[in-house]
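Analysis of the macromolecular model
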Amino acid sequence: MPDDAGNHPPRHQDGLAPRLAVVITVLVLVGYFAVAVTYVVDGNRSGRSVDAAMLGLALLPMTVLLCLQMLHSFPGLAPRLSGARRWTLALQAVLTFAPFAVFKHAWLGMPGFLAGSSLLVLVPALAWPAFAAILLCTDVLLFQVGFGWGQVAYTTVSTALTGLVVFGLSRLSGLVAEVSRSRAELARLAVAQERLRFSRDVHDLLGYSLSTITLKCELVHRLVPRQNSRAQQELSEILQTSRQALADVRAVASGYRMMSLSAEAATARSMLAAAGISATAEIDCGPLPELVDTVLASVLREGLTNVLRHSKADHCAVEARRSGHRVSLTLVNDGVGWPSTILRADSSDGGSGIGNLRVRVENLGGRLRAGVRPDGWFELRAELDVSVDAPPRSGREYGPGPTVTA
């Protein structure tokens, strides 16, 4: 994922932390086993417990114990054995305590690994009692081989620390791997979310502008043979709308755009008048926060686009009012059930504009409703809380908000 400066880390660094954690854990485990081997070597040199032949014999159970410890510390090494981990723990317990009868104090380094494995394999309700039981059994065996209280206390602390280090490092390497996977998943989700935002913005911004361009092109096609002056006016408005569409594309590409509900209502007047639709617009909500203003303007754009694409309306009304901390935008028309004669909607287009807008409105804690009223008019209504964004724009960007009739 990018850092605060927008830079993406090299891909080869994504898996470096998990690999490094595994390497460190393996080295520590092997190091602890090497220390345990030195106990056997010291016992052999003293001539008290172990001779040269039995030194080689001790390496066999130690090797098995090392393999068992790796399976417990890294369950991913053998996924098929994940269901038999308690049996492997039992085998480790046998190989930990049984050799005491032969190697005596030279086997002091082994119980610490069993204590760590018990914390890794067993559930917490059993793990810590098992951990304490292993320490107790080790103390009993130490008394049996002739250790005093001081030596037993020292060995008990050493065994407990070994178990905790084995448990901590093993869990840490697993957590590092899990964090790395979560980081990669978050990066994928961020990319997917940004793609979804981009597609919604493109639809919301360009759908209205391109629909207007298509409408005015059809009007020019009809008017050129009869009304050249009217055709010139329509061509000028086409040029203006095209420039606005280009500016919208650039705004989407930069990830930053602002829209004004009042400005969209004024633009809607020209478009509806050109389409021969009688319209009224009452914008009486005052200055709004930028985010709220932009979303409501997008709702108005999508609603007017649907009027042109999916209905044959004769009358259309736009109303925006503010009550306390809530602002509502309502768009109604009487074209329900009549196919549009202005813009031919693509029959393969399932329509995602209202769905996109509903997501955007609900993300701000608002509501978006669309449906046919009892009087037969189609109503699109959005309600938002004006306190969801930063301070509103200055009133100069909105104008007085008059009532407009087309």
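Note that the structure is predicted; figures quoted are calculated from it, not measured. (Residues numbered from 1 in each chain as written. Predicted model: local features only at pLDDT ≥ 70, side-chain atom pairs only at ≥ 80, totals over all residues. Heavy atoms only, no water.)

Topic: the side chain of Ser 117
To keep things clear, this is the line we draw: In this text, helices come from DSSP runs of H or I with a minimum length of four residues, and strands from runs of E with a minimum of two, each type numbered from the N-terminal end. Each residue gets one of three labels from its accessible area relative to the maximum for its type: buried under 20%, exposed over 50%, partly exposed in between, using a 1.4 Å probe on protein chains only. Under the rule applied, a polar contact is a pair of N or O atoms within 3.5 Å (in protein, one hydrogen donor and one hydrogen acceptor; residues adjacent in sequence only if both atoms are side-chain atoms). When checking whether two residues touch, look at their non-hydrogen atoms; a contact exists if any pair is within 4.5 Å.
Structurally, the position occupied by Ser 117 is in helix α5 (residues 111–121). We classify Ser 117 as buried; its relative accessible area is 0%. In this structure the side chain of Ser 117 is engaged in a polar contact, spanning 3.2 Å, whose partner is the side chain of His 72. A distance of 3.0 Å separates polar atoms of two side chains, one belonging to Ser 117 and the other to Gln 92. The contact partners of Ser 117, leaving out residues within four places of it in the chain, are Gln 69, His 72, Leu 89 and Gln 92.

Brief notes about the packing of aromatic side chains
Where we set the bar: Here a Phe, Tyr or Trp ring, Trp counted by its six-membered ring, pairs with any other such ring whose centre lies within 6.5 Å, and the pair is stacked when the planes are under 30 degrees apart, edge-to-face when over 60, and tilted otherwise.
On inspection of all chains with the given rule, the structure shows four aromatic pairs. A ring pair is formed by Phe 33 and Phe 113, whose centres lie 4.0 Å apart and whose planes are at 25°; its orientation type is stacked. Within this pair, whereas Phe 33 is found in helix α1 (residues 16–46), its partner Phe 113 is found in helix α5, the two being separated by 80 residues in sequence. On the basis of an interplanar angle of 70° and a centroid distance of 4.8 Å, the ring pair of Phe 143 and Trp 149 is categorised as edge-to-face. The partly exposed category is assigned to Phe 143, whose relative accessible area is 34%. Through pairs of rings, three or more aromatic residues link up here, namely Tyr 32, Phe 33 and Phe 113.

Some points on the pairing of strand β5 (residues 378–385)
Operational definition: The pairing criterion is simple: DSSP has to find at least two bridges between the two strands.
Relative to β5, strand β3 (residues 326–333) is paired through eight bridges, and the arrangement is antiparallel. The partner of Asn 333 across the bridge, within β5, is Phe 378. Inspection of the sheet shows strand β4 (residues 367–372) paired to β5 by six bridges, in the antiparallel sense. Pairing of Arg 367 across the sheet is with Glu 383, part of β5. Between β4 and β5, which pair antiparallel one after the other, the connecting turn spans five residues, and Gly 376 there sits at a positive phi close to 95°.

Focus: α5
Buried residues dominate α5, accounting for eleven of its eleven residues. Among the residues of α5, those classed as buried are Pro 111, Gly 112, Phe 113, Leu 114, Ala 115, Gly 116, Ser 117, Ser 118, Leu 119, Leu 120 and Val 121.

So, the side chain of Ser 173
The residue Ser 173 is located in helix α7 (residues 149–223) in this model. If sequence neighbours within four positions are ignored, Ser 173 has contacts with Ala 21, Val 22, Thr 25 and Phe 74.

Describing the pairing of strand β2 (residues 315–323)
Both strand β1 (residues 278–284) and β2 contribute to a ladder of seven bridges, which runs parallel. Within β2, the residue paired with Ala 279 across the bridge is Cys 316. Relative to β3, β2 is paired through eight bridges, and the arrangement is antiparallel. Looking at β3, one finds that Ala 320 is bridged to Leu 329. The hairpin formed by β2 and β3 contains two residues between the paired strands, and Gly 324 there has a positive phi angle of roughly 65°.

Observations concerning the packing of helix α3 (residues 85–97) against α5
For any two helices packed against each other, one specifies the crossing angle of their axes together with the interaxial distance. We count it as follows: Under this scheme, a helix contributes an axis fitted over its contacting stretch, all axes are lines through C-alpha atoms, and angles between N-to-C directions fall in the 0 to 180 degree range. Just so you know how the angles are binned, under 35 degrees is roughly parallel, over 145 roughly antiparallel, 65 to 115 roughly perpendicular, and the rest oblique. By convention, the crossing between two helices is left-handed when the near helix turns anticlockwise from the far helix through less than a right angle, and right-handed when the turn is clockwise. Ten residues, namely Ala, Val, Leu, Ile, Met, Phe, Trp, Tyr, Cys and Pro, are considered nonpolar, four, namely Asp, Glu, Lys and Arg, are considered charged, and the remaining ones, Gly among them, are considered polar.
Relative to each other, α3 and α5 sit at 165°, their axes nearing to 10 Å. Judged by the angle between their axes, α3 and α5 are roughly antiparallel. Viewed along their axes, α3 and α5 form a crossing whose handedness is left-handed. Here Arg 85, Arg 86, Leu 89, Gln 92, Ala 93, Thr 96 and Phe 97 of α3 come into contact with α5, specifically with Pro 111, Phe 113, Leu 114, Ser 117, Ser 118, Leu 120 and Val 121. Split into classes, the residues belonging to the contact of α3 with α5 amount to eight nonpolar, four polar and two charged.

What to know about the packing of α5 against helix α6 (residues 124–144)
One way to put it is that α5 packs onto α6 with a least axis distance of 8 Å and a crossing angle of 170°. As far as their axial angle goes, α6 and α5 are roughly antiparallel. As for how α5 packs across α6, the hand of that crossing is right-handed. Mapping the contact onto sequence places Pro 111, Leu 114, Ala 115, Ser 118 and Leu 119 in α5 and Ala 127, Trp 128, Ala 130, Phe 131, Ile 134 and Thr 138 in α6.

Details of the pattern of salt bridges
Condition: We define a salt bridge as a side-chain nitrogen of Lys or Arg found within 4 Å of a carboxyl oxygen belonging to Asp or Glu.
Within the structure shown, the criterion is met by ten salt bridges. We note a salt bridge from Glu 383 to Arg 367, for which the minimum N-O separation is 2.8 Å. Of the two residues, Glu 383 is situated in strand β5 and Arg 367 in strand β4; the sequence distance between them amounts to 16 residues. In this structure Glu 383 comes out as buried when scored by relative accessible area, which is 13%. By relative accessible area, Arg 367 is classed as partly exposed at 45%. Its salt-bridge partner being Glu 379, residue Arg 373 comes within 3.7 Å of it at the nearest N-O pair. Judged by its relative accessible area of 22%, Glu 379 falls in the partly exposed class. Three or more residues are tied together by salt bridges with common partners; here these are Arg 326, Arg 367, Arg 369, Arg 381 and Glu 383.

A closer look at a nonpolar patch on the surface
Where we set the bar: Excluding any residue in a salt bridge, patches collect residues exceeding 30% relative accessible area, merging like charges within 9 Å and nonpolar Val, Leu, Ile, Met, Phe, Trp and Tyr side chains within 5 Å. Shrake-Rupley sampling with a 1.4 Å probe provides the accessible areas, and residues are treated as covered by the protein chains on show and by no other component.
Together, Trp 128, Val 157, Leu 161 and Leu 164 make up an exposed nonpolar region whose accessible area comes to about 390 Å². Sorting elements by how many residues they give to the nonpolar patch places α7 first, with three residues.

Regarding the confidence of the model for the protein
Where we set the bar: Confidence per residue, as judged by the predictor, is encoded in pLDDT with a range of 0 to 100.
Here the protein averages 76 in pLDDT, while 78% of its residues score no lower than 70. Considering only residues more than four positions removed or in separate chains, one finds that residues 44–49, a stretch of pLDDT under 50, has ten contacts. Segment residues 341–351 is flagged for pLDDT under 50; beyond a separation of four residues in sequence, or across chains, it makes 17 contacts in the model.

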